[in-house]
Amino acid sequence: MAGTALVLGGGGLTGIGWEIGMLAGLAEAGVDLADVDVVIGTSAGSIVAAQLTSRQLPLEEMYERQLAVPETRAAARMGPAALARFAAIALRSRDTLSFGVRMGKLALAARTVPEAEQRTVIARTLGMTDWPARRLVITAVDAATGERRAFDDTSGVPLLDAVGASCAVPGVYPPVTIDGTRWIDGGVHSSANADLAAGYGRVVVVAPMAVSGGPIAGPRAQGARLARDGARVCVITPDRVARSAFGRNVLDPAKRADAARAGRRQAAAHVAEIRQVWAD
């Protein structure tokens, strides 16, 4: 097995902050995870993955932007109650497809902001429109069939639509329409989709949400499977301090800076482990 992969999981606005803080802290310690063969992004991780692979901004500037005072607009909500509802649906689902279909129905029936309005928000957050030259994979789920799709620069799908689909949290944001198909958050299939790194010899998974339940495999289980298949794997999830920094609503922009600082602080604890995985 050859090649390196970085997997960036979903986790709302606080997840974006924590991931960028983690990556910045690791780079400061001499471990640059941007220099990999593929970056796989899900939901919040798709935004970080696109920005990272584009190299439009240095990591340090990406980090500083997370510390900026957020816009004064009402925060969307995805707290413990919503996560518990999703978990209950997962436990009643026989497999990932049936769970995806149920979550798709929830998403299609929900009253949300218009799709065009949310697309504008994603475009402003992303700050780019073209697929980067470096290999980038972005996940989303078909709202009708529950099937996962891995978009890349060969899919014929605009980057903005792929990222918007991956970030379309059911019941919070509108599904994204691509060629007549409605797509929802890639985290519906898995919070990290680390299984897509199969075949790569060295894999680092940075997952703000380590959730699993019913048919939904969490990042640690997926990382363990990759390791059994012969890969060297490191799975990083938030520590207690970071989880506290996230607060009770992962979509609250006011918590983004605290999450970024927590990620940067936590990075020091993983430097040695990642160096072992990354060693030639």
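Report follows, based on the coordinates. All values derive from a computational prediction rather than experimental measurement.

The number of helices and strands found in the protein chain is 11 helices and eight strands. Each principal axis of the C-alpha atoms in the protein chain carries an extent, and together these give about 50 × 45 × 35 Å. Across the 280 residues in the protein chain, those meeting the buried criterion constitute 54%. Put simply, 79% of the contacts in the protein chain that link residues at least 6 apart link residues at least 24 apart. Surface exposure of the protein chain reaches about 12,100 Å², of which carbon and sulfur atoms provide 51%. Charged side chains in the protein chain number 31 positive and 27 negative. The centres of these two groups are separated by 7 Å.

A few words now on the packing of aromatic side chains. Scanning the entire structure with this criterion turns up two aromatic pairs. When the ring of tryptophan 18 is compared with that of phenylalanine 246, the centres are 6.4 Å apart and the planes differ by 80 degrees; the resulting orientation is edge-to-face. In this pair, tryptophan 18 sits in helix 1 (residues 12–28) while phenylalanine 246 sits in helix 9 (residues 240–246), placing the two residues 228 residues apart along the sequence. Plain terms: the ring middles of phenylalanine 151 and tryptophan 183 are 5.3 Å apart, the flat faces sit at 75 degrees to each other, and that makes the pair edge-to-face. With phenylalanine 151 in strand 4 (residues 148–151) and tryptophan 183 in strand 6 (residues 181–185), the pair connects residues that are 32 residues apart, well separated along the chain. Phenylalanine 151 gets classed as buried once you look at its relative accessible area, which sits at 0%. One Lys or Arg, arginine 264, reaches over the ring of tyrosine 63 and ends 4.6 Å from the middle of that ring.

Here we come to the packing of helix 1 against helix 3 (residues 59–67). In the contact formed by helix 1 and helix 3, the axes pass within 9 Å of each other and the chain directions differ by 145 degrees. In this structure, the crossing between helix 1 and helix 3 has a hand that is left-handed. The residues of helix 3 that touch helix 1, namely those facing Ile16, Gly17, Ile20, Gly21, Leu23, Ala24 and Ala27, are Leu59, Met62, Tyr63 and Gln66. Among the residues making up the contact of helix 1 with helix 3, the classes are represented as eight nonpolar, three polar and no charged.

A few words on the pairing of strand 6. Examined bridge by bridge, strand 3 (residues 136–142) and strand 6 share three bridges and lie antiparallel to one another. Each bridged residue has a counterpart across the sheet, and for alanine 140 the counterpart in strand 6 is aspartate 185. Relative to strand 6, strand 5 (residues 176–178) runs antiparallel, the two sharing three bridges. Bridge pairing links valine 176 to tryptophan 183 in strand 6. Count of turn residues in the strand 5/strand 6 antiparallel hairpin: two residues, of which aspartate 179 carries a positive phi of about 55 degrees.

For the rest of this paragraph, the subject is the pattern of salt bridges. For the structure shown, the criterion picks out 12 salt bridges. One salt bridge connects arginine 264 with glutamate 60, and the closest N-O pair in it is separated by 2.9 Å. With arginine 264 in helix 10 (residues 256–267) and glutamate 60 in helix 3, this residue pair connects regions lying 204 residues apart in the sequence. For arginine 264, a relative accessible area of 17% corresponds to the buried category. With relative accessibility at 36%, the residue glutamate 60 sits in the partly exposed group. One salt-bridge network, in which partners are shared between bridges, spans Glu28, Glu60 and Arg264.

The subject of this paragraph is the pairing of strand 8 (residues 232–236). In the sheet, strand 7 (residues 202–206) pairs with strand 8 via five bridges, with the strands oriented parallel. Directly across from valine 204, in strand 8, lies its bridge partner cysteine 234. For the crossover that starts at strand 7, traverses helix 8 (residues 219–228) and ends in the parallel strand 8, the hand is right-handed.

Further remarks concern the nonpolar core. With 56 residues, the main nonpolar core has Leu6, Leu33 and Val204 as its most contacted residues. At seven residues, the largest contribution of residues to this core is made by helix 1. With residues up to four places along the chain from it excluded, the contact list for leucine 33 reads Leu6, Leu23, Leu26, Val204, Ile274 and Trp278. One finds Ala107, Val169, Val172 and Leu251 within the second-largest nonpolar core, a separate group that totals 18 residues.

Moving on: the environment of leucine 13. If you trace the backbone, leucine 13 turns up in helix 1. Take leucine 13: its relative accessible area is 25%, and that puts it in the partly exposed class. When the C-alpha positions of leucine 13 and arginine 65 are compared, they lie 12 Å apart, and in sequence the two are 52 residues distant. Setting aside residues up to four positions removed in sequence, leucine 13 forms contacts with Val250, Leu251, Asp252, Pro253 and Arg256.

Cut-offs and rules
- Residues numbered from 1 in each chain as written.
- Predicted model: local features only at pLDDT ≥ 70, side-chain atom pairs only at ≥ 80, totals over all residues.
- Heavy atoms only, no water.
- Helix = DSSP H or I, 4+ residues; strand = E, 2+ residues; numbered from the N terminus.
- Buried < 20%, exposed > 50% of the residue type's maximum accessible area, 1.4 Å probe, protein only.
- Contact = heavy atoms within 4.5 Å.
- Areas by Shrake-Rupley, 256 points an atom, 1.4 Å probe, with all protein chains shown as cover.
- Lys, Arg positive; Asp, Glu negative; His and termini not counted.
- Charge placed at Lys NZ, Arg CZ, Asp CG, Glu CD.
- Phe/Tyr/Trp six-rings, centres within 6.5 Å; stacked < 30°, edge-to-face > 60°.
- Lys NZ or Arg CZ within 6 Å of the ring centre and 35° of its normal.
- Axes fitted to C-alpha atoms, helices over the stretch in contact; angles between N-to-C directions.
- Left-handed = near helix turned anticlockwise from the far one by under 90°.
- Nonpolar A, V, L, I, M, F, W, Y, C, P; charged D, E, K, R; others polar.
- Pairing = 2+ DSSP bridges.
- Salt bridge = Lys/Arg side-chain N within 4 Å of Asp/Glu carboxyl O.
- Right-handed = clockwise from strand over helix to strand, strands pointing away.
- Core = buried A, V, L, I, M, F, W, Y, C linked by side-chain atoms within 4.5 Å.

Honestly, it's all geometry; don't read function into it.
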